[in-house]
Amino acid sequence: MNPSEQINQLRAGVIGTGFIGPVHIEALRRLGVQVVALCDVPSIVQSMAAKHGIPQTFTDYKTMLQSPDVDVVHIAAPNRFHSEMSVAALKAGKHCICEKPLAMDTRETAQIVKLAKSSGTVFAVNYNVRFYPAVLALRKMVARGDLGQIIHVNGTYFQDWLFKETDYNWRLLPQEGGKLRAVADIGTHWMDTASFILGAKIKSVFAELDTFHKTRKRPLGEVQTYAKADASMKYATYKVETEDFASLLLRFDNGTFGNLAVSQVAAGRKNCIRLEVYGSKKSAAWCSEEPETLRFGNRDGANEVAVRGTPAFGDGPAGYVDYPAGHVEGFPDTFKMHFRSVYGRIVSGGKGERLHATAEDGHQEVAVCEAIMRSNAKKGWVKV
Ligand SMILES: NC(=O)c1ccc[n+]([C@@H]2O[C@H](COP(=O)([O-])OP(=O)(O)OC[C@H]3O[C@@H](n4cnc5c(N)ncnc54)[C@H](O)[C@@H]3O)[C@@H](O)[C@H]2O)c1
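Parameters and conventions
- Residues numbered from 1 in each chain as written.
- Predicted model: local features only at pLDDT ≥ 70, side-chain atom pairs only at ≥ 80, totals over all residues.
- Heavy atoms only, no water.
- Helix = DSSP H or I, 4+ residues; strand = E, 2+ residues; numbered from the N terminus.
- Rg over C-alpha atoms; globule rule 2.2 N^0.38 Å.
- Buried < 20%, exposed > 50% of the residue type's maximum accessible area, 1.4 Å probe, protein only.
- Contact = heavy atoms within 4.5 Å.
- Areas by Shrake-Rupley, 256 points an atom, 1.4 Å probe, with all protein chains shown as cover.
- Lys, Arg positive; Asp, Glu negative; His and termini not counted.
- Charge placed at Lys NZ, Arg CZ, Asp CG, Glu CD.
- Salt bridge = Lys/Arg side-chain N within 4 Å of Asp/Glu carboxyl O.
- Core = buried A, V, L, I, M, F, W, Y, C linked by side-chain atoms within 4.5 Å.
- Near = heavy atom within 4 Å.
- Polar contact = N/O pair within 3.5 Å; in protein donor to acceptor, adjacent residues only side chain to side chain.
- Nonpolar A, V, L, I, M, F, W, Y, C, P; charged D, E, K, R; others polar.
- Domains from an automatic or database assignment.
- Buried area = accessible area lost by both parts, 1.4 Å probe.

Novice: Go over the overall build of the chain with me, naming the residues and quoting the values.
Specialist: The secondary structure content of the chain amounts to eleven helices and 17 strands. The C-alpha radius of gyration computed for the chain amounts to 21 Å, which stays within 12% of the reference 21 Å derived for 384 residues, consistent with globular compactness. Principal-axis analysis of the C-alpha atoms gives the chain an extent of 60 × 60 × 40 Å. Here the chain holds 384 residues, and 56% of them are scored as buried. If you take every contact in the chain between residues at least 6 apart in sequence, the share linking residues at least 24 apart comes to 69%. Of the roughly 16500 Å² that the chain leaves accessible, carbon and sulfur atoms contribute 53%. Computed over 47 positive and 40 negative side-chain charges, the separation of the two mean positions in the chain equals 3 Å.

Novice: I'd love a proper account of the pattern of salt bridges, names of residues and values included.
Specialist: All chains considered together, the criterion is met by 26 salt bridges. Linking Arg-11 and Asp-69 is a salt bridge whose minimum nitrogen-to-oxygen distance equals 3.9 Å. One end of the pair, Arg-11, is in strand S1 (residues 11-15); the other, Asp-69, is in the loop between helix H4 (61-65) and strand S4 (72-75), and 58 residues separate them in sequence. Judged by its relative accessible area of 23%, Arg-11 falls in the partly exposed class. Notably, a salt bridge pairs Arg-144 with Asp-146, separated by 2.9 Å at the nearest N-O pair. The partly exposed category is assigned to Arg-144, whose relative accessible area is 46%. You can call Asp-146 partly exposed: its relative accessible area is 30%. Among the ionic contacts, a cluster of salt bridges with common partners joins Arg-130, Asp-192, Arg-354 and Asp-361.

Novice: Requested: an account of the nonpolar core, with residues and values cited.
Specialist: Core analysis: the biggest nonpolar cluster contains 53 residues, and Leu-294 and Ile-372 have the highest contact counts within it. Examining the composition of this core, we find that ten residues originate from one element, helix H9 (residues 182-198), more than from any other. What Ile-372 contacts, discounting residues up to four positions off in sequence, is Leu-180, Val-183, Met-191, Val-205, Ala-207, Leu-209 and Leu-248. Of all hydrophobic cores here, the second largest spans 29 residues; its members include Met-64, Val-73, Ala-103 and Phe-123.

Novice: How would you summarise the site of the ligand if you had to cite specific residues and measurements?
Specialist: As a matter of local geometry, the ligand sits amid 28 residues, with Asp-40, Asn-79, Lys-100, Trp-170 and Thr-225 nearest to it. Here Thr-17 contributes a backbone N or O atom positioned 3.5 Å from an oxygen atom of the ligand. Contact distances for the ligand include 2.9 Å between an oxygen atom and a backbone N or O atom of Phe-19. Relative to its unbound accessible surface of 850 Å², the ligand loses 88% to contact with the protein. Contributions of two or more residues to the shell around the ligand are made by helix H5 (82-91), H9 and helix H10 (331-348). Its residues assigned to classes, the shell around the ligand shows 14 nonpolar, nine polar and five charged. Each of domain 1 (3-128) and domain 2 (130-331 + 341-383) gives at least three residues to the shell around the ligand.

Novice: Residues and numbers for the domain arrangement of the chain, please.
Specialist: By the assigned domains, the chain splits into domain 1 (3-128) and domain 2 (130-331 + 341-383). The C-alpha centroid of domain 2 is placed 23 Å from the C-alpha centroid of domain 1. Contact residues are listed per partner, giving 38 residues for domain 1 and 35 residues for domain 2. For the pair domain 1 and domain 2, the summed buried surface comes to about 3100 Å²; carbon and sulfur atoms form 67% of the total. Summed over the three residues of domain 1 that lose the most area to domain 2, namely Phe-19, Tyr-127 and Asn-128, the buried surface amounts to 25% of that side. Between Arg-80 and Glu-176 there is a salt bridge whose closest N-O contact spans 3.4 Å. Counting across the interface, domain 1 meets domain 2 through eleven residue pairs in polar contact (both at pLDDT 80 or more). Elements represented by at least two residues in the side of domain 1 that touches domain 2 include exactly helix H1 (3-9), helix H2 (21-31), S4, strand S5 (95-98), helix H6 (106-119) and strand S6 (123-125). Among the residues making up the side of domain 1 that touches domain 2, the classes are represented as 25 nonpolar, eight polar and five charged.

Below, the structure is given as structure tokens:
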């Protein structure tokens, strides 16, 4: 059997079917993986399984993990469940892809790292931004020295879905999402992507965090991720303990300097990740709102715009794009390509280049989050 045929033999079980669980299901199916099991709370699991045509349903993830029919577990439940679910999946001998952030704190992530090392299975954290073709292209250009020595990186991750005081989601509550919100939820995507491109880890941080909505109104009853308020909703006011935005200075272990702004109250920015890399030969810039374009900046010659599929874009994404140039690959495709990479490692027994984020990478991002909280409290540089 060739690797694609072997991937088609693997069977996945997905835990959590809110916003991102269905993105996993769709990407798995486009890859040819069988999605055999779904686990969610009793009120929705049957209807979601019927909607997605998934044969087996579970309301307790531990029971799903006992099923010999499930080879790979996808954890797409809220952050506070990631640790116990990852630990149980590893102990059950399953391959696992856990959503980000890996867990609530480094005590939890360290335990996952330890188990993942001794498990003999593949464990990945779903830092899917790595799999935009432009990000894979940039990584290769930096590694090859095309931009020269990297001087600094700059960027933003901005959203506006928590812009209004009536916007509500479990992420706003520290006991559900963790003590950091915007930084852990989306900032870690940017930091993981920058580390992936540079081949370097963040070693120290200087952070300023702030909360625009000191209090917010919580709808009485549960609300889906990205749901908008309607006039008939009733609300209870609560005090907000997580940040709406952050300004971060970063120092990477290869000496590169970085600065990043993160916001979930940036009107008009729906889901905008922007990253610029400044080298001693030239600079490169990418933005997820124009995912298939790389812009290069030159001091003397004309600036350049490279579109995916053309020579200037390079061969970095080879094997991780399926459509011809001009047929845009975006957010859902990054999941498909991430899973291609992870499932490829599963069928090859861990051979070939590893592109996905490991438990160690997930642990590192949570360690950076903790350093950011210490820096914000101290108002100074803090080591990770
Ligand atoms: N990689 C990405 O781009 C990306 C995007 C969005 C969300 N996420 C991550 O995915 C996770 C889920 O986020 P979401 O926005 O889909 O949340 P959501 O609230 O929309 O969905 C969560 C789902 O998990 C279910 N659930 C809750 N407790 C459960 C339990 N004990 N067992 C089984 N199911 C349970 C809920 O009923 C719900 O269906 C988060 O960790 C988030 O950070 C990642």
